[in-house]
Each structure stands twice: as structure tokens, then as C-alpha cells.
Amino acid sequence: MGDPASADGRPESAAPRRSTQAERRARTRSALLEAAARGLSRQGYTNLVLERVAREAGYTRGALYHQFKDKQDLALAVIEWVLNTWQQEVGHAVEQEADPGAALLTLARAHTVYCRRDIARVAIALRLEFSGQDHPIGHAVERSYRVLIERCAGLVETGRAVGSIPDGPPAGDVARAVVGAIEGTSIAVAGQVPHDESLVAAAVAGILGLSVPPPRPS
């Protein structure tokens, strides 16, 4: 027999598929991680209140503890979540650029767009809060920071080798300046859409000795 027909003779659509428990759990986890990232960005780790995180995500504190055993576990998961989502939304865009200079400017622009979700201060807040401490959160943040610096330093070195980035200070120092400019400027101009993208890119272009890129069409 064929599909049952509606009053106008067309087959009735199938009932909407119910989400699985795994899908619901993943949605809950993602919402809690993003809420925690906003909280860490605004208040830091010490002042993060788990009940407030759960409430802002639209869940109960019990739902949060069902996913994370404590605040440290949540913060470490946030760092991993930020790295994964950053790679999806920023890293992949950078990898599409053949020219190293263009790749660094794309990094500046894409990171600024990524940070429009009010999570721009997560890395800085945790790095400052745990600076000099022998703590798992501090170690995790420093590892991610080193990876980004090394990535930017590699682009600077490659750009100089092919002539698209002028010579200058050591590539590692330039990379640290680039990352600092991206983080600091994106925070300073947060909310100034669409100019935030072009301002952060201009700051990075100045450090690299490149022409200031024109603003993207709105």
C-alpha cells in the first residue's frame, strides 16, 4: 500500500523524527559549555557560579552536574570546546588561504567574528588568573596559546620566505604581537559590528608591515 493521502490527495508527510537521547545530551552539553565560556570570559574562574551557568543555558544545576563533575572539569571542557569550535569557524578559513599574509589577516577577521558571541576573553582571563600556577587549567590554556603562537610564527616565516611578508623582528615575537593585537583589539571594539573585523585586521596588518586591508562590504 502507498503512503496515506491528505485531503488534497498528496501523501501525508511522515511524523517528525524524535531526537535521540545522545542528541539531546549533546545539545545540553553544548549549551552549558557556551554559557560557561561567556561566564569565564566575563568573570573568570574563581567568580564563576555553576548555578548561574546552568540557568543562563536554560537548564538546572542537576543537569550541569550530570555532564560535569565539578567546576574544574567544566572549565577544562570549555577550553577544549573553544579550541574545537575555533578550529571549525576560524582555523579552517585560515587553511583555505594560500598566501601566509592573507592567512593571518583572515585569522584576524574570522577570530573577531567568532568572538561576537561574547567569549573573547576566555583565554586571556584564564591565562591571567592562572599565570605562574601549577594548575591543570593554567597548563591547558598555555598549551593552546603556544600552539596558536607557533602556528602564527610558521605563517610569518613562510611569508617572509616567499616575500609576501617583509622581514622584521624574530617571527616568534611577531607572532606574539599578532595574537596580542587580535585578542586585545577584538575585546576593545567588541560590539562595533561591522567595523570590528576591519579594525582588528588593520592592527595585524600594521604589525606585519602589510597594506591595511579595505573593509569588507557590509
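For the structure itself, look to the data block above.
Residues numbered from 1 in each chain as written. Predicted model: local features only at pLDDT ≥ 70, side-chain atom pairs only at ≥ 80, totals over all residues. Heavy atoms only, no water.

### Concerning the packing of aromatic side chains
We apply this condition: Two rings from Phe, Tyr or Trp (for Trp, the six-membered ring) form a pair when their centres are within 6.5 Å of each other. A pair whose planes differ by under 30 degrees is stacked, one over 60 is edge-to-face, and the rest are tilted. To sit over a ring, a charge needs its Lys NZ or Arg CZ within 6 Å of the ring centre and within 35 degrees of the ring normal.
One pass over the full model with this rule turns up one aromatic pair. Note that Lys 71 overlies the ring of Tyr 45, its terminal NZ or CZ placed 4.8 Å from the centroid.

### Quick notes on the nonpolar core
Convention followed: By nonpolar core is meant a set of buried Ala, Val, Leu, Ile, Met, Phe, Trp, Tyr and Cys residues that side-chain atoms within 4.5 Å join together. In this scheme, a residue with accessible area under 20% of its type's maximum is buried, one over 50% is exposed, and one in between is partly exposed, where area comes from a 1.4 Å probe on protein chains only. In this text, helices come from DSSP runs of H or I with a minimum length of four residues, and strands from runs of E with a minimum of two, each type numbered from the N-terminal end. The contact definition used throughout considers only heavy atoms, calling two residues in contact when any of these lie within 4.5 Å.
Grouped together as the largest cluster of nonpolar side chains are 59 residues, with contacts concentrated most on Leu 74, Val 78 and Leu 126. Broken down by secondary-structure element, the contributors of at least two residues to this core are α1 (21-43), α2 (50-57), α4 (71-95), α5 (100-114), α6 (122-129), α7 (136-162), α8 (171-188) and α9 (195-208). For this core, the element with the highest residue contribution is α4, accounting for 10 residues. Setting aside chain neighbours within four positions, we find Leu 126 in contact with Leu 40, Tyr 45, Ile 79, Ile 137 and Val 141.

### Here we look at the pattern of salt bridges
The line we're drawing: Here, a salt bridge means any Lys or Arg side-chain nitrogen found within 4 Å of an Asp or Glu carboxyl oxygen.
Per the counting criterion, the structure on display carries nine salt bridges. Notably, a salt bridge pairs Glu 56 with Arg 42, separated by 3.8 Å at the nearest N-O pair. Taken together, the residues Glu 56 in helix α2 and Arg 42 in helix α1 connect sequence positions 14 residues apart. Here Glu 56 falls in the partly exposed class, since its relative accessible area comes to 40%. A relative accessible area of 45% means that Arg 42 is categorised as partly exposed. Close ionic contact of Arg 127 with Glu 183 constitutes a salt bridge, the shortest N to O distance being 3.0 Å. Highlighted residues: Arg 127 in helix α6 and Glu 183 in helix α8, separated in sequence by 56 residues.

### A closer look at α1
Put simply, the rule reads: Helix span, as expected, comes to 1.5 Å for every residue beyond the first.
Here α1 spans 32 Å end to end across 23 residues, near enough to the 33 Å set by a 1.5 Å rise per residue. Along α1, the residues that are buried comprise Thr 28, Leu 32, Leu 33, Glu 34, Ala 35, Ala 36, Ala 37, Arg 38, Gly 39, Leu 40 and Ser 41. Here the buried face of α1 lies against α2, α3 (61-67), α4 and α6. Directly beyond the C-terminal end of α1, a positive phi value near 80° is found at Gly 44.

### Here's the deal with unusual backbone geometry
Phi is mostly negative for residues that are not glycine, and the peptide bonds are mostly trans. Omega for the bond connecting Val 193 with Pro 194 falls within 30 degrees of zero, at 5°, which places this linkage in the cis form. Within the secondary structure layout, Pro 194 lies in the loop between α8 and α9. Residue Asp 118 is not a glycine yet carries a positive backbone phi of 65°. Its place among the elements puts Asp 118 in the loop between α5 and α6.

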